[in-house]
Amino acid sequence: MKTTYIVQGTWIGIVTGIFLAAFLKSVQSLTGHKVYTLLLNVDYIPIIKEYAFPEVIEVFFHLIVSVVLCIILAMLYDKSSGFIRNHAIMFPFLVNVAIGLVLYPTTSFSDRTPNVTNMVSLFWWIAGHAVYGFIVGFLISRKSKSMK
């Protein structure tokens, strides 16, 4: 794996991961819908769910996932000559909306997160992931163009 993917994916993952966390924390503070709690929730992961982590560690876990995802997306963008390359912003947007939709049902594994049928929470959750995906795609395409 090229170092470029790691460097690019790491800084984009940290910046956008912090954005998503701040966005969902703001939404939760303003609306009371526990979408930030859901973002940091690990109640669906065996063994890890047995521990109560401080918020900073939970955010760190979130950032690790964001960095790994952004490294993969940067690599896919660089190696693609088709759909992904031609839809540099749309592809990460769609991937992250899909990730949001797949992860939302994990709220059913915790009593700390929104109810799985809470459509307002689902809206904010998907909106956050959509904006996150848009920014990821924008930054990957901009950074890749500047590196050529």
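Residues numbered from 1 in each chain as written. Predicted model: local features only at pLDDT ≥ 70, side-chain atom pairs only at ≥ 80, totals over all residues. Heavy atoms only, no water.

Trainee: Whenever I open this one, the overall build of the protein chain confuses me. Can you help?
Mentor: In terms of regular secondary structure, the protein chain is built from six helices and zero strands. In the protein chain, the succession of helices and strands from N to C terminus is α-α-α-α-α-α. In terms of overall dimensions, the protein chain is globule-like: its C-alpha atoms have a radius of gyration of 16 Å, near the 15 Å expected for 148 residues. Its C-alpha atoms give the protein chain principal-axis dimensions of about 50 × 30 × 25 Å. Burial analysis of the protein chain (148 residues in total) assigns 43% to the buried set. Summarising the internal contacts of the protein chain: among those between residues at least 6 apart in sequence, 72% fall at separations of at least 24. (Helix = DSSP H or I, 4+ residues; strand = E, 2+ residues; numbered from the N terminus. Rg over C-alpha atoms; globule rule 2.2 N^0.38 Å. Buried < 20%, exposed > 50% of the residue type's maximum accessible area, 1.4 Å probe, protein only. Contact = heavy atoms within 4.5 Å.)

Trainee: How should the packing of aromatic side chains be read in this particular structure?
Mentor: The final tally for this structure, using the stated rule, is six aromatic pairs. Ring plane angle 70° and centroid distance 5.1 Å describe the contact between Phe 123 and Trp 124, whose orientation is recorded as edge-to-face. The class of Trp 124 is partly exposed, set by a relative accessible area of 26%. The rings of Phe 19, Phe 23, Phe 123 and Trp 124 are connected pair by pair, giving a single aromatic cluster. Seen from the ring of Tyr 77, Arg 85 lies directly overhead, with NZ or CZ sitting 4.2 Å from the centre. (Phe/Tyr/Trp six-rings, centres within 6.5 Å; stacked < 30°, edge-to-face > 60°. Lys NZ or Arg CZ within 6 Å of the ring centre and 35° of its normal.)

Trainee: What is the right way to read the environment of Ile 89 from this model?
Mentor: For Ile 89, the location among the structural elements is in the loop between helix H4 (83-86) and helix H5 (90-103). Expressed as a C-alpha distance, the spacing of Ile 89 and Leu 40, which sit 49 residues apart in the sequence, is 25 Å.

Trainee: Got a minute to help me understand a nonpolar patch on the surface in this structure?
Mentor: Taken together, the side chains of Phe 60, Ile 64, Val 68, Ile 72 and Leu 76 present a nonpolar region at the surface, about 410 Å² in accessible area. Looking at the element boundaries, Val 68 is found in helix H3 (residues 55-79). (Patch = residues over 30% accessible without salt bridge, like charges linked within 9 Å, V, L, I, M, F, W, Y side chains within 5 Å. Areas by Shrake-Rupley, 256 points an atom, 1.4 Å probe, with all protein chains shown as cover. Salt bridge = Lys/Arg side-chain N within 4 Å of Asp/Glu carboxyl O.)

Trainee: I tried to follow helix H1 (residues 3-31) on my own but got confused; where do I start?
Mentor: What sets the pattern is the α-helix's 3.6 residues per turn: residues three or four places apart point alike. Between its terminal C-alpha atoms H1 stretches 41 Å, which fits the 42 Å expected from 29 residues at 1.5 Å a residue. Considered for burial, the residues of H1 that qualify are Tyr 5, Gln 8, Gly 9, Ile 12, Gly 13, Thr 16, Gly 17, Leu 20, Ala 21, Leu 24, Val 27 and Gln 28. With its phi angle positive at about 85°, Gly 32 sits one or two positions after the end of H1. (Expected span 1.5 Å × (residues − 1).)

Trainee: Help me understand the nonpolar core, please; the structure alone is not making it clear to me.
Mentor: Judged by nonpolar contacts, the single largest core of 30 residues is most densely connected at Leu 24, Leu 39, Trp 125, Val 136 and Ile 140. When contributions to this core are tallied by element, the ones reaching two or more residues are H1, helix H2 (35-40), H3, H5 and helix H6 (119-147). (Core = buried A, V, L, I, M, F, W, Y, C linked by side-chain atoms within 4.5 Å.)

Trainee: Help me understand H5 in this model?
Mentor: The end-to-end C-alpha separation of H5 is 20 Å, in line with the 20 Å expected for 14 residues at 1.5 Å each. The complete set of buried residues in H5 reads Phe 91, Pro 92, Asn 96, Val 97 and Gly 100.

Trainee: Explanation requested: the packing of H1 against H3 in the structure shown.
Mentor: At a closest axis distance of 7 Å, the pairing of H1 and H3 adopts a crossing angle of 130°. One finds that H1 runs oblique with respect to H3. In terms of crossing hand, the pair formed by H1 and H3 is right-handed. Residue composition of the contact of H1 with H3, by class: 13 nonpolar, eight polar and four charged. (Axes fitted to C-alpha atoms, helices over the stretch in contact; angles between N-to-C directions. Parallel < 35°, antiparallel > 145°, perpendicular 65-115°, else oblique. Left-handed = near helix turned anticlockwise from the far one by under 90°. Nonpolar A, V, L, I, M, F, W, Y, C, P; charged D, E, K, R; others polar.)

Trainee: Would you mind going over the pattern of salt bridges with me for this structure?
Mentor: Side chains carrying opposite charge are able to pair once their charged atoms draw close together. Here the structure, examined in full by the defined rule, presents one salt bridge. Note that Lys 25 is salt-bridged to Glu 55, the shortest N-O span being 2.8 Å. In this pair, Lys 25 sits in helix H1 while Glu 55 sits in helix H3, placing the two residues 30 residues apart along the sequence. Residue Lys 25 is classed as partly exposed on the basis of its relative accessible area, which comes to 37%.

In short, the description is geometric, and any link to function would need to be established separately.
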